Amino acid sequence: FSDPIMRALFSGAAGLIPVLAVATVYDPELPPAEQQFDQGLAKLISTLGRIFLPFTLIVAVIYTLYIPANFMRPFEQRDVLIVYNAMLFAVMGLIVIATPLNADDVSEKWQKWLRMGLVALAILTVLVSLYALSATVYRTNLGGLTMNRLTIIGWNTINIALLCLYLYRQLQGGLTQWVESSHWAFRIGMAAYAVWTMAVILAMPLLFG
């Protein structure tokens, strides 16, 4: 697809899906602290995220094993690099929706396995993110800095920092505090995403206009 269509797909889907998800479960007659997100579509989405987790782990392992045999492909082929970056955004979304809102939503037995799966996925994603970021920087050195490349570099840097922070908090909090540690990292990530989005919208046109 052309660049305008790709930008519309990424920005449109990234903006539309969260709005629709919140709109289907949010009760405007209740204050935020009394909202119920443990039932209805929100519960279905969270359950689907946990179902897809093992399959995503398999794909992440395949991607990681695929890297040494085809190391230069994303450095030379733009389409391959786009696939890597798209996968990274999808994985970030999966980690968020697969994490329960409350520890009581998942039994202690499954909490252990769920946390292990999410941590393993985060580690693999950090490796692939560093690989994708290096390919983007390499292509930037060859072809010059563009708005698209700077945007992707910013997103990848935020994703890597967020995942590292997520892993650090998981190690620090342990199994008993893993849900709270995850939510803390997600809140930091939401603020970082918001700041970078505003920078892309407001500052990028001035830099590259």
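Above this text sits the structure in question.
These notes cover the structure that comes with them. All residue numbers refer to positions counted from 1 along the written sequence of the respective chain. Local features in this predicted model are restricted to residues whose pLDDT is 70 or higher, and side-chain atom pairs enter the listing and the counts only when it is 80 or higher, whereas totals over whole chains, interfaces and linings include all residues. Note that water and hydrogens are dropped before the side-chain values are worked out from all heavy atoms of the structure.

### Some words on empty space enclosed by the protein
Using a 1 Å grid laid over the protein atoms alone, points where a 1.4 Å probe fits but cannot get out form a cavity; open sets with protein on both sides within 12 Å along at least 5 of 7 lines form a pocket; any residue with an atom within 4 Å of a point counts as lining. Grid points are joined across faces, edges and corners, and a volume is the space filled by probe spheres set on the points. Under the counting rule described, the total for this entry stands at one cavity of 30 Å³ or more. Each pocket or cavity is described by its volume, and for the largest cavity that value is around 50 Å³. Met92, Ile95, Val96, Leu162, Leu163, Tyr166 and Phe186 are the residues that line the largest cavity. In this description a helix means any DSSP run of H or I spanning at least four residues, a strand means any run of E spanning at least two, and both kinds are numbered starting from the N terminus. Residue assignment for the lining of the largest cavity shows that the elements contributing at least two residues are helix 4 (78-98) and helix 6 (147-173). Each residue belonging to the lining of the largest cavity can be placed in one class, and the counts come to seven nonpolar, no polar and no charged. We call Asp, Glu, Lys and Arg charged. Ala, Val, Leu, Ile, Met, Phe, Trp, Tyr, Cys and Pro are nonpolar, and the rest, Gly among them, are polar.

### So, the packing of aromatic side chains
The rule is short: rings of Phe, Tyr and Trp, with Trp giving its six-membered ring, pair when the centres are within 6.5 Å, and they are stacked under 30 degrees, edge-to-face over 60, tilted in between. Considering all chains together, one arrives at nine aromatic pairs under this definition. Judged by centre distance (5.4 Å) and plane angle (25°), the ring pair of Phe71 and Phe75 falls under stacked. Summary of the burial criterion: residues with accessible area below 20% of their type's maximum are buried, those above 50% are exposed, and those between are partly exposed, where the area comes from a 1.4 Å probe applied to protein chains only. What makes Phe71 partly exposed here is its relative accessible area of 42%. Classification of Phe75 by relative accessible area gives buried; the value is 10%.

### Side note on the nonpolar core
Judged by nonpolar contacts, the single largest core of 34 residues is most densely connected at Tyr84, Ile95, Leu118, Leu121 and Tyr166. Listing elements by their share of this core, those giving two or more residues are helix 2 (40-69), helix 4, helix 5 (108-143), helix 6 and helix 7 (178-202). By definition in these notes, contact holds between two residues if any of their heavy atoms fall within 4.5 Å. Ignoring anything within four residues of it in the chain, the contact list for Tyr84 reads Tyr63, Tyr66, Ile67, Pro74, Val128, Tyr131 and Ala132. Buried Ala, Val, Leu, Ile, Met, Phe, Trp, Tyr and Cys residues form a nonpolar core when they are joined through side-chain atoms within 4.5 Å.

### A closer look at a nonpolar patch on the surface
Candidates for patches are residues over 30% relative accessible area with no salt bridge; among them, like charges are joined within 9 Å and nonpolar side chains (Val, Leu, Ile, Met, Phe, Trp, Tyr) within 5 Å. Only the protein chains shown count as cover for residues, with accessible areas throughout obtained via the Shrake-Rupley method and a probe of 1.4 Å. Salt bridge, as applied in this entry: a Lys or Arg side-chain nitrogen positioned within 4 Å of an Asp or Glu carboxyl oxygen. A contiguous nonpolar patch, built from Leu48, Ile51, Phe52, Phe55, Ile58 and Ile62 and spanning about 600 Å² of accessible area, is present on the exposed surface. Relative to the helices and strands, Phe52 resides in helix 2. The class for Phe52 is partly exposed, based on a relative accessible area of 48%.

### Considering helix 4
In this scheme, a helix's expected span is set at 1.5 Å multiplied by one less than its residue total. End to end, helix 4 covers 30 Å across 21 residues, agreeing with the expected 30 Å (1.5 Å per residue, within 8%). Three or more residues of helix 4 are buried, namely Val80, Leu81, Tyr84, Asn85, Met87, Leu88, Val91, Met92, Leu94, Ile95 and Ala98.

### Quick notes on the side chain of Gln170
Position of Gln170 relative to the elements: it lies in helix 6. Not counting residues within four places of it along the chain, the set of residues in contact with Gln170 comprises Arg115, Val119, Trp178, Ser181 and Ser182.

### A look at helix 6
Counting along an α-helix, one turn takes 3.6 residues, and residues three or four places apart therefore face a common direction. Here helix 6 contains 27 residues, and its C-alpha end-to-end distance of 38 Å stays within 8% of the 39 Å for a straight helix at 1.5 Å per residue. Immediately downstream of helix 6, the backbone of Gly174 shows phi near 75°, a positive value.

### Focus: the environment of Gln111
Mapping Gln111 onto the fold places it in helix 5. Given the relative accessible area of 10%, Gln111 is considered buried. Once the C-alpha coordinates of Gln111 and Thr176 are considered, the two residues, 65 residues apart in sequence, prove to be 9.6 Å apart. Discounting chain neighbours no more than four positions away, the residues touching Gln111 are Ala103, Val106, Leu175 and Trp178. Reaching out from Gln111, the side chain makes a polar contact with the side chain of Trp178 at a distance of 3.0 Å. Polar contacts, as counted here, are pairs of nitrogen or oxygen atoms within 3.5 Å of one another; within protein the pair requires one atom able to donate a hydrogen and one able to accept it, and residues that are adjacent in sequence qualify only if both atoms are side-chain atoms.

### Considering the packing of helix 5 against helix 6
An axis is simply a line fitted to the C-alpha atoms; with a helix, the fit covers only the stretch in contact. Between two such axes, the angle follows the N-to-C directions and lies from 0 to 180 degrees. With their axes 9 Å apart at the nearest point, helix 5 and helix 6 run at an angle of 155° to one another. Relative to helix 6, the element helix 5 lies roughly antiparallel. Helix 6 is crossed by helix 5, and the crossing has left-handed handedness. Grouping the amino acids of the contact of helix 5 with helix 6 by side-chain chemistry returns 17 nonpolar, eight polar and three charged. Should an angle lie under 35 degrees it is considered roughly parallel, over 145 roughly antiparallel, and from 65 to 115 roughly perpendicular; all remaining angles are considered oblique. Crossing handedness follows the turn of the near helix against the far one: under a right angle anticlockwise gives a left-handed crossing, and clockwise gives a right-handed one.

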